[in-house]
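Structural overview
Each chain is listed here by its residues.
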Amino acid sequence: MDTADGPPATSAIPDPHLETSRMFNRRSLLAGAALSAALPAWAQTAPFPNRPIRIVPFGTGGGPIDTLARAYGEKLSARWNQPVVVDAKPGASGIIAADFVAKAAPDGHTVLMTLPLTHVNNHILQAKLPYDPVKDFQPLSMLATGGPMLVARANAPYSDLKEFIAFAKTKGRMTYGTWGNGSTAHLFGELLRRQTGADLVHVPYKAEAAAHNDLFGEQLDFAWANPSTARNQTQGGKMKVLGISGTSRVSAMPNVPTFKEQGFQGFDIDSWIGIYAPANTPQPIVQAWVTALREITAMPDVKARLTAFGFEPLGNTPTEFMERYRQDYPRMAELIKAAGVTAE
């Protein structure tokens, strides 16, 4: 038995094998910490998504973008088992909504659902934006195409573009509403004014629904509408469509001719609905979004809903989305010049 004068306890004797093990463990921990620091943020967090998703459309509730955001939100929630919140940011021609998403954390939990207005039109018209439409965003997918339509109250004394212009020249000053200065609808309205000489005065609103409320209340003479709204209000007996912009008629309203078919040039530019994430969103998360959006867009019930709304389903890739942006930019710049629109 050991005594106070005997040899030290075994636990106090240095063990070279134990020390080697400790050194190895310390080195492993240091190496692991260095590797962790070098890994992108997504690799150090829980799998995506790990909390509620926020879709930010610009415009208030009831508009086509808001309606589609909720439709996609339901599918995404079922797919990812996370709530999806639709958080509209109306006003300033979509700048408020786009800037909000541009400055959101690039973790895939906040995305923008938008029209060309925020990324093409505003980029051309605005000398200074609080965001860069290219550098501050990661394109995910262009969901569908479908341009604005010129609409009037159902009881208006004209049924096509030629009758409308003839009436406008007789009446004099006529006001029209859109969902923002510099929107494609605004550009088409100004182009129509220049081509025909009719006195057409633009009145911008924060959202499409607000403009239509004033149209029905006879505070406006006519307006522009996105395909889904035009179809729904036409079926409801409150509105008639005088002409469709873009390259072709829409299957939901096959009897309504395009501007080109009615003798008006320069209106054959297709608009679109797309989804963006903030720049620097990790590629695995980008791919998760792209796969989900493309598969949802291809679902028969979603395709039927988009078609019924007057949109043509698409669901392309980020590369294809960016290529479309590059194609649209010069055409939109030409339209802005032809329409004589400037930033207000």
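Residues numbered from 1 in each chain as written. Predicted model: local features only at pLDDT ≥ 70, side-chain atom pairs only at ≥ 80, totals over all residues. Heavy atoms only, no water.

1. Section: the overall build of the protein
Within the protein one finds 11 helices and 11 strands. In the protein, which comprises 344 residues, the share counted as buried stands at 49%. Sequence-distant contacts in the protein: of pairs separated by 6 or more residues, those separated by 24 or more amount to 78%. Total accessible area computed for the protein in this model is approximately 16100 Å², and 54% of it derives from carbon and sulfur atoms. (Helix = DSSP H or I, 4+ residues; strand = E, 2+ residues; numbered from the N terminus. Buried < 20%, exposed > 50% of the residue type's maximum accessible area, 1.4 Å probe, protein only. Contact = heavy atoms within 4.5 Å. Areas by Shrake-Rupley, 256 points an atom, 1.4 Å probe, with all protein chains shown as cover.)

2. Comments concerning the sheet that holds strand E7 (residues 200–204)
With mixed pairing, the five strands of this open sheet are ordered in space as E7-E6-E8-E5-E9. The sheet terminates laterally at E7 and strand E9 (239–244), the two strands that pair on one side only. The mean angle between the axes of side-by-side strands here comes to 30°, regardless of whether they run parallel or antiparallel. One ladder, built from five bridges, connects strand E5 (residues 149–153) with E9; its direction is antiparallel. Among the inter-strand pairings, Met149 is bridged to a residue of E9, identified as Ile244. Against the sheet, helix H5 (residues 161–171) engages E5, strand E6 (174–178), E7, strand E8 (222–225) and E9, with an angle of about 130° to E6. (Pairing = 2+ DSSP bridges. Axes fitted to C-alpha atoms, helices over the stretch in contact; angles between N-to-C directions.)

3. Remarks on the pairing of E8
Of the two faces of E8, the one holding Phe222 and Trp224 and the one holding Ala223 and Ala225 are both buried throughout. Two strands pair when backbone bridges link them, and E6 and E8 are joined in this way by two bridges, in the parallel orientation. Opposite Tyr176, over in E8, you have Phe222 as the bridge partner.

4. Looking at the sheet that holds strand E2 (residues 84–86)
Spatial strand order, E2-E1-E3-E10-E4-E11: six strands in an open sheet with mixed pairing. The sheet is open, and its two borders are formed by E2 and strand E11 (312–313), each paired with just one other strand. Pairing of strand E4 (residues 137–145) with E11 involves two bridges; the strand directions are antiparallel. The partner of Thr145 across the bridge, within E11, is Glu312. Set on the sheet, helix H2 (residues 64–80) makes contact with strand E1 (53–57), E2, strand E3 (110–114), E4 and strand E10 (272–278); between it and E1 the angle comes to about 165°. Its contacts with the sheet put helix H3 (residues 95–102) on E1, E3, E4 and E10, and the angle it makes with E3 is roughly 155°.

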